[in-house]
Amino acid sequence: MIKWIAALLGYIFFRFPGAMLGFILGSLLDTTRGKRNKEGFKKVFTKEERVTLGDFELNLLSLSSIVIKADGRINQTELDYVRQYFVSAYGKERANATFRTFNEVIKNREVSAHRICLYLTQRTRYEARLQILHFLFGIANADGHVSEAEANEIQKIAGFMRLSFRDFESIKAMFFKTGNHAYKILEIEKTATDAEVKKAYRTMAKKYHPDKVQHMDPVHIKGAEAKFKEVQKAYEHIQKERGLG
């Protein structure tokens, strides 16, 4: 596909010589992209730098270990949640190999959340980091309850990843069903006008739309779909509460 676009652009600017050169360069890009896909390197990247699947796995596991150990104990349900995630994302064989590293990390190593988040922030898109935040809350909630210690650790991680406090509160509210959680999910106050509620819903639906993370793994896409549904549910809750049409 790239080779034909490059050939067309070459023809527009330099006629037939440009078309030939564009076709050759485009073919090389197509080949390179094909090789990367075959090698299994899914990338979640910024324009400046990239992070490979292997690097992403290890850093995500390290952040997972911080959340799991936050309340001073290792919960098997939370471990199972992480394992199921990796099985769903990468297959059983790769998940087993990854978890051998994970067991060592969670039991024997002190992990620097700041260092890991700095690495990810420099190499990943904002929407990808929102997915990481949602995943970490999913781990904490795997046993049916997000402890204060876990929430505090996740908040620190969110800050290190340069996620806004409003976005942190929005995703947190998807797991903490308080009296005003629907408003927090939409990132507005309970005093917001009906017009502001509708505007907030459109904004959040756009922010969390699954199309934003189509470049990521299927499990991340499912996470985006889950957040998108929470936004819809929050809006429907407010509509019902206010009697909006």
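Residues numbered from 1 in each chain as written. Predicted model: local features only at pLDDT ≥ 70, side-chain atom pairs only at ≥ 80, totals over all residues. Heavy atoms only, no water.

**Student:** Give me the lowdown on the overall build of the chain, citing residues and values where you can.
**Tutor:** Counting its secondary structure elements, the chain contains 11 helices and zero strands. From first element to last, N terminus to C terminus, the chain shows the α and β order α-α-α-α-α-α-α-α-α-α-α. Buried residues in the chain amount to 43% of all 245 residues. Sequence-distant contacts in the chain: of pairs separated by 6 or more residues, those separated by 24 or more amount to 68%. Of the roughly 13,600 Å² that the chain leaves accessible, carbon and sulfur atoms contribute 55%. (Helix = DSSP H or I, 4+ residues; strand = E, 2+ residues; numbered from the N terminus. Buried < 20%, exposed > 50% of the residue type's maximum accessible area, 1.4 Å probe, protein only. Contact = heavy atoms within 4.5 Å. Areas by Shrake-Rupley, 256 points an atom, 1.4 Å probe, with all protein chains shown as cover.)

**Student:** An account of the packing of aromatic side chains is requested, with residue identities and associated values reported.
**Tutor:** The final tally for this structure, using the stated rule, is seven aromatic pairs. Here the aromatic rings of Tyr201 and Tyr235 are separated by 4.2 Å at their centres, their planes lie at 10°, and the arrangement is stacked. Taken together, the residues span a long stretch of sequence, with Tyr201 in helix H10 (residues 194-207) and Tyr235 in helix H11 (residues 218-242) at a distance of 34 residues. Note on Tyr235: relative accessible area 11%, which makes it buried. An aromatic cluster is built from Tyr81, Tyr85, Phe86 and Phe135, whose rings are joined through pairwise contacts. Lying across the ring of Phe176, Lys172 places its NZ or CZ 5.2 Å from the centre. (Phe/Tyr/Trp six-rings, centres within 6.5 Å; stacked < 30°, edge-to-face > 60°. Lys NZ or Arg CZ within 6 Å of the ring centre and 35° of its normal.)

**Student:** Which residues make up H10, and what values do they have?
**Tutor:** For H10, with 14 residues, the first-to-last C-alpha span of 20 Å sits near the 20 Å given by 1.5 Å per residue. Taken together, the buried positions of H10 are occupied by Val197, Ala200, Met204 and Ala205. All buried residues of H10 fall inside an arc of 130° around its axis, so they share one side. Set apart from the buried face of H10 by more than 90 degrees, the exposed residues are Ala195, Lys199, Arg202 and Lys206. (Expected span 1.5 Å × (residues − 1). Arc of directions from axis to C-beta.)

**Student:** Account for the nonpolar core, naming residues and giving values.
**Tutor:** In terms of nonpolar packing, the biggest core is built from 53 residues, with Leu63, Phe86, Leu136, Ile157 and Leu186 touching the most fellow members. Among the elements that take part in this core, helix H6 (residues 126-140) stands out by supplying eight residues, more than any other. (Core = buried A, V, L, I, M, F, W, Y, C linked by side-chain atoms within 4.5 Å.)

**Student:** Describe the side chain of Asp167, with residues and values.
**Tutor:** Within the element layout of this structure, Asp167 appears in helix H8 (residues 165-173). Relative accessible area serves as the criterion here: at 3%, Asp167 is assigned to the buried category. What Asp167 contacts, discounting residues up to four positions off in sequence, is Tyr126, Leu130, Leu133, Glu187, Lys207 and Tyr208.

**Student:** Quick one: what's the story with the pattern of salt bridges, residue by residue and with numbers?
**Tutor:** All chains considered together, the criterion is met by six salt bridges. Glu230 is paired through a salt bridge with Lys233; the nearest N and O atoms lie 3.5 Å apart. With a gap of three residues between them, Glu230 and Lys233 both fall in helix H11, about one helical turn apart. Judged by its relative accessible area of 48%, Lys233 falls in the partly exposed class. Beyond isolated ion pairs, a larger network of salt bridges with shared partners links Arg166, Asp167, Glu187 and Lys207. (Salt bridge = Lys/Arg side-chain N within 4 Å of Asp/Glu carboxyl O.)

**Student:** I'd like a description of unusual backbone geometry, backed by residues and values.
**Tutor:** A positive phi angle, close to 60°, is found at Arg162, a residue other than glycine. Mapped onto the fold, Arg162 is located in the loop between helix H7 (148-160) and H8. Overall, the relative accessible area of 59% leaves Arg162 in the exposed class. Despite not being glycine, Glu187 has its phi angle at roughly 60°, a positive value. Among the secondary structure elements, Glu187 is positioned in the loop between helix H9 (181-185) and H10.

**Student:** Residue-level account of the side chain of Thr121, with values.
**Tutor:** Looking at the secondary structure, you find Thr121 in helix H5 (residues 113-123). The exposure class of Thr121 is buried, given its relative accessible area of 11%. Of the polar contacts made by the side chain of Thr121, one reaches the backbone oxygen of Cys117; its length is 2.6 Å. Beyond its immediate stretch of four places on either side in the chain, Thr121 contacts Arg129, Phe160, Met161 and Arg162. (Polar contact = N/O pair within 3.5 Å; in protein donor to acceptor, adjacent residues only side chain to side chain.)

**Student:** Explain the packing of H6 against H7 to me, and be specific about the residues and the numbers.
**Tutor:** Put simply, H6 and H7 touch, their axes get as near as 10 Å, and they point 170° apart. In this view, H6 runs roughly antiparallel relative to H7, as classed from their interaxial angle. Contacts between H6 and H7 pair Leu133, Leu136, Phe137 and Ala140 from the former with Glu150, Ile154, Ile157 and Ala158 from the latter. Taken together, the residues of the contact of H6 with H7 break down into seven nonpolar, no polar and one charged. (Axes fitted to C-alpha atoms, helices over the stretch in contact; angles between N-to-C directions. Parallel < 35°, antiparallel > 145°, perpendicular 65-115°, else oblique. Nonpolar A, V, L, I, M, F, W, Y, C, P; charged D, E, K, R; others polar.)

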